[in-house]
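# Architecture at a glance
The residues making up each chain are set out below.
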Amino acid sequence: MEGEMLKGHLDMIVLAALSAGPAHGYAIIEEIKRRSAGAFDLPEGTIYPVLHRLEQAGLLAGRWVTADSGRRRRVYSLTKRGKRELSKRRAVWEQFSDAIGSLFKGSRPWQNPA
Amino acid sequence: MAESGVISAYVERLARALDFDPSLSRSVRREVEDHLWATVSANPTGDRLEAERLAVTNFGDPHVIAAQFAVVSLAKRARRVGITAILVIAAVFIAMKGRLAWYAVMEGPAGPMGGLGEMVVSIDRWAFWLAVVVGIAGWMYVDTRRIPAAVTPEYRTQLRRFFVLCLAATGALIASVISDGVLTSLRLIGTSWSLDVVIPLASMAIEVVCAGWLVVSIRGMTHRMASTDQTARIE
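Residues numbered from 1 in each chain as written. Chains lettered and ligands numbered in written order. Predicted model: local features only at pLDDT ≥ 70, side-chain atom pairs only at ≥ 80, totals over all residues. Heavy atoms only, no water.

## Quick notes on the overall build of chain A
The condition that has to hold: Working definition: helices are DSSP H or I runs of at least four residues, strands are E runs of at least two. Numbering for both runs from the N terminus. Buried, partly exposed and exposed residues are distinguished by accessible area as a fraction of the type maximum, computed with a 1.4 Å probe on protein chains only: under 20%, between the cut-offs, and over 50%, respectively. The contact definition used throughout considers only heavy atoms, calling two residues in contact when any of these lie within 4.5 Å. We get accessible surface area from the Shrake-Rupley algorithm with a probe of 1.4 Å; when it comes to residues, only the shown protein chains can shield them.
When helices and strands are counted, chain A shows 5 helices and 3 strands. If you list the helices and strands of chain A from N to C, you get α-α-β-α-α-β-β-α. The buried share among the 114 residues of chain A stands at 39%. Long-range contacts, defined as pairs at least 24 residues apart, comprise 45% of the intrachain contacts of chain A with a sequence gap of at least 6. If you sum the accessible surface of chain A, you get close to 7100 Å²; carbon and sulfur atoms cover 54% of it.

Dropping the structure here:
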């Protein structure tokens, strides 16, 4: 998938990945890869600024937990506002996707009028 | 198995690139370190050194990541300044009202203060309510702005507008605190040292400290804006 296209939808992708439940950064990236069947193979470092930004915007809540390995890790979950935002973005996306789909269905191969 | 130092060196570079925000730098460092070790553990090849190198490569350039964090740091700082402005104005209001209540309890209703006193009271009132209105407007402005994915020129303009609102609120608040100082002095001139003097002076000290705190907070924001400027240009 085109990097720029992906960048424009990163917030929605991360929110959608967290809709299954709380997860840490590594698990979120794995979830994105799994659900997109590898189509969204992001540079891993780009996810963390997104997570912090969404947390700052009040869409995610982050908390530190101790993993089984003994390492401290930050787990993120959707806030109520985050869930509302995800529903809103999903509705807009589905509308947009349907519209584009209809456009493609009605299109025919280009013919030279000459 | 011994660590090769590839991950340590990488997180050190990332932490240094995030130097503009020490608390963010510490938090991101811990988070990224955990991520990289989780990636290494999940690598099926068994070659630890290669797994560490691959994990670091896939994570990306530390300077590019730091540039993406710059906007988060700026937004956090600006919102904190907005909340500080509201808290400081509220604290000054409580100190002011507390002092007036103390005067009422100790002396009964205040008598006429003369021309200078009336003028200062008027300045105090107008300056304080200007600080309240502009402070709330600034806080609402910065709190309702969407945080972009990168420090765009538009976002910088929004931060500059917020900065101007903060300066206006702080200027008005300082004028109000100075007026309070003048009024307190007029009231206490010739009064002997007692509890009657300590309470008004303590409330004045609270007002001065609060106004100073707001100034320091705004100064911190300008430093953050300047220090993230270079980093944000990298992306």
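## Examining the interface of chain A and chain B
Keep this limit in mind: When two parts are put together, the accessible area they lose, computed with a 1.4 Å probe and summed over both, is reported as buried area. We count a salt bridge whenever a side-chain nitrogen from Lys or Arg sits within 4 Å of a carboxyl oxygen from Asp or Glu. Polar contacts, as counted here, are pairs of nitrogen or oxygen atoms within 3.5 Å of one another; within protein the pair requires one atom able to donate a hydrogen and one able to accept it, and residues that are adjacent in sequence qualify only if both atoms are side-chain atoms.
On the side of chain B, 26 residues touch chain A, which itself brings 21 residues to the contact. Across the chain A/chain B interface, buried area totals approximately 2200 Å², and carbon plus sulfur atoms make up 57% of it. Of all residues in chain A, the largest losses of buried area upon contact with chain B belong to A:Tyr26, A:Arg53 and A:Gln56, amounting jointly to 29% of the total for that side. If you look at where chain A meets chain B, you find 2 salt bridges. One salt bridge connects B:Asp34 with A:Arg71, and the closest N-O pair in it is separated by 3.2 Å. At the junction of chain A and chain B, the tally comes to 10 residue pairs in polar contact (both at pLDDT 80 or more).

## So, the sheet that holds strand S2 (residues 60-66) of chain A
Using the following cut-off: Here, a strand pair is defined by DSSP locating no fewer than two bridges between the strands.
Taken together, the 3 strands give an open sheet; going across it, the order is S1-S3-S2 (chain A), and neighbouring strands pair in antiparallel fashion. Lying at the two open borders of the sheet, with one neighbouring strand each, are strand S1 (23-24) and S2 of chain A.

## Structural notes on the side chain of B:Ser179
Along the chain, B:Ser179 turns up in helix H6 (residues 153-188). When residues no more than four places from it in sequence are discounted, the contact partners of B:Ser179 are B:Val120, B:Ile123 and B:Asp124.

## Considerations on the packing of helix H1 (residues 6-17) of chain B against helix H3 (residues 48-59) of chain B
All names here are of chain B. Inclusion rule: The axes are straight lines fitted to the C-alpha atoms, using for helices just the contacting stretch, and the angles between their N-to-C directions are given from 0 to 180°. Here the word oblique covers every angle except those under 35 degrees (roughly parallel), over 145 (roughly antiparallel) and from 65 to 115 (roughly perpendicular). Under the scheme applied, nonpolar residues are Ala, Val, Leu, Ile, Met, Phe, Trp, Tyr, Cys and Pro; charged residues are Asp, Glu, Lys and Arg; polar residues are all the others, including Gly.
Two elements in contact, H1 and H3, have axes separated by 9 Å at closest approach and are oriented at 20°. As summarised for this structure, H1 and H3 are arranged roughly parallel, according to the angle between their axes. Each of Val6, Ile7 and Tyr10 in H1 lies in contact with H3, whose residues at this interface are Leu49, Glu52, Arg53, Val56 and Phe59. Taken together, the residues of the contact of H1 with H3 sort by class into 6 nonpolar, no polar and 2 charged.

## Concerning a positive patch on the surface
Threshold: Exposure above 30% relative accessible area and the absence of a salt bridge qualify a residue for a patch, where like charges join within 9 Å and nonpolar side chains (Val, Leu, Ile, Met, Phe, Trp, Tyr) within 5 Å. None of His or the chain ends enter the tally, which takes Lys and Arg as positive and Asp and Glu as negative. Charge coordinates come from a single atom per side chain, which is NZ of Lys, CZ of Arg, CG of Asp or CD of Glu.
A surface patch of positive charge is lined by A:Lys80, A:Arg81, A:Lys83 and A:Arg84. Within the secondary structure layout, A:Lys83 lies in helix H5 (residues 80-105).

## A look at unusual backbone geometry
Residues and elements named next belong to chain A. We note that Ala37 has phi near 55°; this positive angle belongs to a residue other than glycine. Secondary-structure assignment places Ala37 in the loop between helix H3 (25-35) and helix H4 (47-56). Residue Ala37 is classed as exposed on the basis of its relative accessible area of 72%.

## Description of the confidence of the model for chain B
If pLDDT is low for a region, its predicted coordinates should not be looked at in detail. All names here are of chain B. Spelled out, the test is: The quantity called pLDDT is the predictor's confidence in a given residue, expressed from 0 to 100.
Summary statistics for chain B give a mean pLDDT of 89 and a share of 94% for residues scoring 70 or more. The lowest-confidence element of chain B is helix H7 (residues 195-232), averaging 89 in pLDDT; the highest-confidence one is H1, averaging 94. In the model output, the complex is listed with pTM 0.82 alongside ipTM 0.80.

## What about the packing of aromatic side chains?
Aromatic ring pairs are reported here in terms of the distance separating the ring centres and the angle at which the planes meet. The criterion, for reference: Pairs were defined over the aromatic rings of Phe, Tyr and Trp, the Trp ring being its six-membered one, requiring ring centres within 6.5 Å. Orientation was assigned from the angle between planes: stacked under 30 degrees, edge-to-face over 60, tilted for the rest. When the NZ atom of lysine or the CZ atom of arginine is within 6 Å of a ring's centre and also within 35 degrees of its normal, the charge is said to sit over that ring.
Applying the stated criterion across every chain yields a total of 6 aromatic pairs over all chains. Seen in terms of ring centroids, A:Trp93 and A:Phe96 are 5.9 Å apart; in terms of plane orientation they differ by 40°. Their pairing is tilted. Of the two residues, A:Trp93 and A:Phe96 are both situated in helix H5; the distance of 3 residues between them amounts to about one turn of the helix. With relative accessibility at 36%, the residue A:Trp93 sits in the partly exposed group. Three or more aromatic residues link up through ring pairs in this structure, and these residues are A:Tyr48, B:Tyr10 and B:Phe59. Taking NZ or CZ as reference, B:Arg30 lies 4.3 Å from the ring centre of A:Trp64, over its face. Here the basic side chain of B:Arg187 rests over the ring of B:Tyr103, its NZ or CZ set 4.1 Å away from the ring centre.

## Regarding the state of the cysteines
Note the cut-off: Count a disulfide wherever a pair of cysteine sulfur atoms falls within 2.5 Å.
Scanning all chains against the criterion turns up 0 disulfides over all chains. This cysteine, B:Cys210, is not joined by any disulfide, and B:Cys166 carries the nearest cysteine sulfur, 16 Å off.

## As for a nonpolar patch on the surface
Residue and element names in this part refer to chain B. A contiguous nonpolar patch, built from Leu116, Met119, Ile123, Ile174, Ile178, Val182, Leu186, Ile189 and Val215 and spanning about 770 Å² of accessible area, is present on the exposed surface. Contributions of two or more residues to the nonpolar patch are made by helix H5 (114-144) and H6. When residues of the nonpolar patch are assigned to their parent elements, the largest contribution, 4 residues, is made by H6. Structurally, the position occupied by Ile189 is in the loop between H6 and H7. In this structure Ile189 comes out as exposed when scored by relative accessible area, which is 65%.

## Considering the nonpolar core
The following threshold applies: The term nonpolar core refers to a set of buried residues drawn from Ala, Val, Leu, Ile, Met, Phe, Trp, Tyr and Cys, joined through side-chain atoms within 4.5 Å.
Residues A:Leu18, A:Leu51 and B:Leu36 are the most contacted members of the largest nonpolar core, which totals 76 residues. With 15 residues, the top contributor of residues to this core is helix H4 (residues 62-107) of chain B. Beyond its immediate sequence surroundings of up to four residues, A:Leu51 is in contact with A:Val14, A:Leu18, A:Gly25, A:Ile28, A:Leu60 and A:Tyr76.

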